Amino acid sequence: MAPAAPLAGLAFLATVTHEVRPPLNAVIGMTELLRQMTLPPEATRLVETIHMSGECLLALVDDLLDTSRLDAGRLQLEDVEFVLRDVVEEAIAIATATSGVKRLSVAAVIDPALPDEVRGDPRRFGQVLANLLANAVKFTLSGYVRLRLTCVQTDGTGLTLRVEVEDSGIGIASDALPRLFIPFSQADDDTSRRFGGTGLGLAIANGIVAAMGARIEVDSTPGRGSRFHFEVRLPAGRSDALALPNCEGLRAVVASRDDILVEALLSQMARLRVQAVVTRDVESVPPLARTGPAAVLIDPRLPDASACVAASRVADVPVVELVPPRSSVTVRDAVPLRTPVRLSELTHVLTTLRSEDAANRSASSASPRAATPPSVPFPRGIWRVLAVEDHEPNQQLLQHVLDSVGVEVDVVVSGEAACEAVRHERYDLILMDCRLPGMDGLATTRALRARPALAHVPVIGLTASTQPGTRQACLEAGMDDFLPKPTRPSILIDALRRWLPPSGQDEDAARDLEPSPAPAEPETLLDHDVVDELLRLGVFVDMARVVLRHMPAILGELDAAIAADDRARLGLLAHRLVTLLGNIGWQQPADLAGQLESACADDGSIQHRALATSLVRVVLDGLPRLERLTGRAAGEASTCAR
């Protein structure tokens, strides 16, 4: 009877997990939407706490379920085709998002010789990458975290893939290495106290890799970082290459001193067959720009980066700004490319710039910015989506997310209602909850696919199920894509981008996306691109007024905290200001607030008082100009309304 105990526990955890995920989906999704709004400082702090707690609870639920599966020997791996790069880039995005205020360079270096499509279990492979990266980010206070994928051997049936996650973190003592992969354990008690965590991530990653027929190995030196690596055999997919635009013959200049960022960009450009020239020196950019590359990619953290920009513009070469995570655009009229860079985004920027006429670029400084996809990618009234979801909080989440990107949505609560809705309305995409009362999502999808008019309408499955084979069952039922719950708004929007491309918009809708004229002076105080977008959305005036209303009280608290040398209070106020000021594009004090928050978190830093004083001075100097700017913007909006 003893062997039945783990199986009974696994069944119980699976059932509980499925019931817990829908409310967690609502908690995480709704708080993510709230984080994008301008809230009072205390409300912002509460929302951040709720969101972080929801993420931690979800991770704990998943880890406990996976640990039980491994203990019971019931971990099953799927065998489906997937795009290797997509899984890698998503894992990197998660690691970057969780790095917080750390100044880490996080990037993936993918061997150009690797095929784009392979076979395996994308969710489990992504989970291994995410766990190894999360471990590296947790124990790396500064420096870098690099994921490297190398093709060791390939033949007609598949390849041997080597995966390495390397960091510049605290390292691991040799006597602690045997405990790394034991559940609920860490290297030592001091590590557990300083960094927290359950100690399940590495154990789960090791168990999944073992199920793939491999083993994770570790090389580490205390104080100098760690390297986790393994080799796994993956069968080849049916397609050898993604349908990427032809970039062969293009040249680009990369100006940066971030070796990890540069290495990742070079691997991507090699995949695109773009010739890249790298420089770490500002002085070498002007002669390189005069040789006529397709673009100059500039790291704004370079000293005197403005000289690089000026030289590139004189040479009539487009400038691409490599925008660091949690930073705003600083180079006006450049094409922003946020790091870590995704291959699809790099391809889009380079091919768009190549297709532009050089004369048009020099005549209109707006054309490079137009090459960047707008943050509201779907003009209102163009696309209509049917959401089939019976859980009310999830209905609200889907409605909020789709409305925020300009997509109209109808919500029904059952498969039968979905079949009735498509009889009276044309939909461009269907979001389908897999577990519905009565006719479930799989049966509903099969019924919809039986109608010729719906044969090519994209259907995206949404499910909280963690059972093996769920993804394959969705695809076999006729779904085109699959998103696990909780479904974060950013992941849902990415899926909409894949299946509802912005190119479908008509000319009138495209004109609606043109940014409203920015009020005078934004370039001297606020980020021009942020102001453009907020004006287009009609929220700039309200958001700026929130800053003006709350700033006197916050400045008073800052003065009191400086006088009392209250490091904890200064850190809390700085955290509030990073969001409050950054939301309206007031980047100089927002960056100072970020530096202040980091200094307050570092017990060894003595810079917090100087940073706080500088922050107060910069805000006081800029408040009158912000008030004038807000007044002019309100007046222009009132005139337009009349």
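Computed from a predicted model, the values in this text were never measured in an experiment.

Chemist: Can you help me understand the overall build of the chain in this one?
Modeler: The number of helices and strands found in the chain is 24 helices and 17 strands. A total of 642 residues make up the chain; the buried ones form 50% of that total. Sequence-distant contacts in the chain: of pairs separated by 6 or more residues, those separated by 24 or more amount to 69%. Accessible area for the chain stands at about 28800 Å²; split by element, carbon and sulfur atoms hold 55% of it.

Chemist: How should helix 7 (residues 259–272) be read in this particular structure?
Modeler: Taking 1.5 Å of rise per residue, 14 residues should cover 20 Å, and helix 7 covers 20 Å from first to last C-alpha, within 8% of that figure. Residues of helix 7 that are buried: Ile 260, Leu 261, Val 262, Ala 264, Leu 265, Ser 267, Gln 268, Met 269, Arg 271 and Leu 272. Between a side-chain oxygen at the N-terminus of helix 7 and the backbone nitrogen of Ile 260 the separation is 3.2 Å; the capping residue is Asp 258.

Chemist: I would appreciate a short explanation of the pattern of salt bridges in the present structure.
Modeler: Two side chains with opposite charge may pair up if their charged atoms get near one another. Overall, the coordinates contain 25 salt bridges when judged by the stated rule. As a salt-bridge pair, Arg 227 and Asp 219 come within 2.4 Å of each other at their nearest N and O atoms. A salt bridge links Asp 299 to Arg 301, with the nearest nitrogen and oxygen atoms 2.9 Å apart. The structure contains a network of salt bridges with shared partners spanning Arg 162, Glu 164, Asp 219, Arg 227 and Glu 231.

Chemist: Explain the sheet that holds strand 6 (residues 217–221) to me, please; I cannot follow it from the model alone.
Modeler: Hydrogen bonds along the backbone pair up the strands of a sheet, which may run parallel or antiparallel. Taken together, the 5 strands give an open sheet; going across it, the order is 2-4-5-7-6, and neighbouring strands pair in mixed fashion. Of all strands in the sheet, those with a lone pairing partner are strand 2 (104–110) and strand 6, marking the two edges. On average, adjacent strands in this sheet sit at an angle of 15° to one another, irrespective of strand direction. Examined bridge by bridge, strand 2 and strand 4 (residues 143–154) share 7 bridges and lie parallel to one another. Within the sheet, the bridge partner assigned to Leu 104 lies in strand 4 and is Gly 143.

Chemist: Sorry, what's going on with the state of the cysteines here?
Modeler: Any covalent bond linking the sulfur atoms of two cysteines counts as a disulfide. Summed over all chains, the structure comprises 0 disulfides. Looking at the unpaired Cys 474, the closest cysteine sulfur is the one in Cys 434, lying at 3.5 Å.

Chemist: For this particular structure, what's the right way to read the nonpolar core?
Modeler: Grouped burial of nonpolar side chains is what soluble globular proteins tend to show. Ranked by size, the top nonpolar core spans 47 residues in total, and within it Phe 125, Leu 132, Leu 147, Leu 161, Phe 228 and Phe 230 carry the most contacts. Excluding anything up to four places from it in sequence, Phe 230 contacts Phe 125, Val 128, Leu 132, Leu 161, Arg 162, Val 163, Val 209, Arg 215 and Ile 216. Counting residues in each nonpolar core, the second largest holds 43 residues, with Val 530, Leu 577, Val 618 and Ala 633 among its members.

Chemist: What am I meant to see in the sheet that holds strand 8 (residues 251–255) here?
Modeler: Pairing in this open sheet of 5 strands is parallel, and the strands run 9-8-10-11-12 from one edge to the other. Of all strands in the sheet, those bounded by a partner on one side alone are strand 9 (275–279) and strand 12 (335–338). Between one strand and the next, the sheet's axes are offset by a mean angle of 25°, whatever the strand orientation. Bridge count between strand 11 (residues 319–323) and strand 12: 4 bridges; the pairing is parallel. Bridge pairing in strand 12 links Val 323 to Arg 338.

Chemist: Looking at this model, I keep getting lost on the packing of aromatic side chains. Mind explaining?
Modeler: Given two aromatic rings, their pairing is described by the distance between the two centres and the angle made by the two planes. Considering all chains together, one arrives at 1 aromatic pair under this definition. On the basis of an interplanar angle of 40° and a centroid distance of 6.4 Å, the ring pair of Phe 82 and Phe 125 is categorised as tilted. A residue pair is termed long-range when its members are at least 10 positions apart, and Phe 82 in strand 1 (residues 80–83) and Phe 125 in helix 4 (residues 122–138) qualify at 43 residues. On the basis of relative accessible area, Phe 125 is assigned to the buried category, the value being 2%.

Chemist: Please clarify how the environment of Trp 383 should be interpreted in this entry.
Modeler: Examined against the element boundaries, Trp 383 turns out to sit in the loop between helix 12 (367–370) and strand 13 (384–388). In the structure, Trp 383 is positioned 26 residues away from Val 409 in sequence and 8.6 Å away in space, judged by C-alpha atoms.

Chemist: Is there a simple way to think about the confidence of the model for the chain in this case?
Modeler: Low pLDDT means the predicted coordinates in that region are not meant to be read closely. Per-residue confidence for the chain gives a mean pLDDT of 77; residues scoring 70 or more make up 76%. Note that residues 357–376 has pLDDT below 50 and, in this model, 36 contacts with residues that lie over four places away or in other chains.

Chemist: Quick question: what am I supposed to make of helix 14 (residues 415–424) here?
Modeler: Residues that lie three or four places apart on an α-helix share one face, since the helix turns once every 3.6 residues. Considered for burial, the residues of helix 14 that qualify are Gly 415, Ala 418, Cys 419, Ala 421 and Val 422. Down the axis of helix 14, the sector holding all buried residues measures 160°, keeping them to one side. Summarising the geometry of helix 14, the exposed residues directed more than 90 degrees from the buried face are Arg 423 and His 424. On its buried face, helix 14 sits against strand 13, strand 14 (408–412), strand 15 (429–433) and helix 15 (441–449).

Chemist: I tried to follow the packing of helix 14 against helix 15 on my own but got confused; where do I start?
Modeler: To describe two helices that pack against each other, one gives the angle between their axes and the distance between the axes. Contact geometry of helix 14 with helix 15 gives a least axis separation of 9 Å together with a crossing angle of 20°. As summarised for this structure, helix 14 and helix 15 are arranged roughly parallel, according to the angle between their axes. Remark: the crossing between helix 14 and helix 15 carries right-handed chirality. Taken together, the residues of helix 15 that come into contact with helix 14 (itself represented by Gly 415, Ala 418, Cys 419 and Val 422) are Thr 444, Ala 447 and Leu 448. Looking at the contact of helix 14 with helix 15 residue by residue, the classes come out as 5 nonpolar, 2 polar and no charged.

Chemist: What should I look at first to understand unusual backbone geometry in this one?
Modeler: In this model, Thr 339 is joined to Pro 340 through a cis peptide bond whose omega is -5°. Within the element layout of this structure, Pro 340 appears in the loop between strand 12 and helix 10 (343–355). One non-glycine residue with positive phi stands out, namely Arg 273, at about 65°. Among the secondary structure elements, Arg 273 is positioned in the loop between helix 7 and strand 9.

Chemist: I'm lost on the pairing of strand 11 in this one. Help?
Modeler: For strand 11, a buried count of 5 out of 5 residues is recorded, marking the element as mostly surrounded by other parts of the structure. Residue alternation in strand 11 divides its side chains into two sets, Val 319, Glu 321 and Val 323 and Val 320 and Leu 322, and both sets are buried. Strand direction decides the pairing type here: strand 10 (residues 295–298) and strand 11, joined by 3 bridges, are parallel. When the bridges of strand 11 are listed, Ile 298 appears paired with Glu 321. Handedness of the β-α-β unit built from strand 10, helix 9 (residues 305–314) and strand 11 comes out right-handed.

What counts, and at which threshold
Residues numbered from 1 in each chain as written. Predicted model: local features only at pLDDT ≥ 70, side-chain atom pairs only at ≥ 80, totals over all residues. Heavy atoms only, no water. Helix = DSSP H or I, 4+ residues; strand = E, 2+ residues; numbered from the N terminus. Buried < 20%, exposed > 50% of the residue type's maximum accessible area, 1.4 Å probe, protein only. Contact = heavy atoms within 4.5 Å. Areas by Shrake-Rupley, 256 points an atom, 1.4 Å probe, with all protein chains shown as cover. Expected span 1.5 Å × (residues − 1). Polar contact = N/O pair within 3.5 Å; in protein donor to acceptor, adjacent residues only side chain to side chain. Salt bridge = Lys/Arg side-chain N within 4 Å of Asp/Glu carboxyl O. Pairing = 2+ DSSP bridges. Axes fitted to C-alpha atoms, helices over the stretch in contact; angles between N-to-C directions. Disulfide = S-S within 2.5 Å. Core = buried A, V, L, I, M, F, W, Y, C linked by side-chain atoms within 4.5 Å. Phe/Tyr/Trp six-rings, centres within 6.5 Å; stacked < 30°, edge-to-face > 60°. pLDDT = per-residue confidence, 0-100. Arc of directions from axis to C-beta. Parallel < 35°, antiparallel > 145°, perpendicular 65-115°, else oblique. Left-handed = near helix turned anticlockwise from the far one by under 90°. Nonpolar A, V, L, I, M, F, W, Y, C, P; charged D, E, K, R; others polar. Right-handed = clockwise from strand over helix to strand, strands pointing away.

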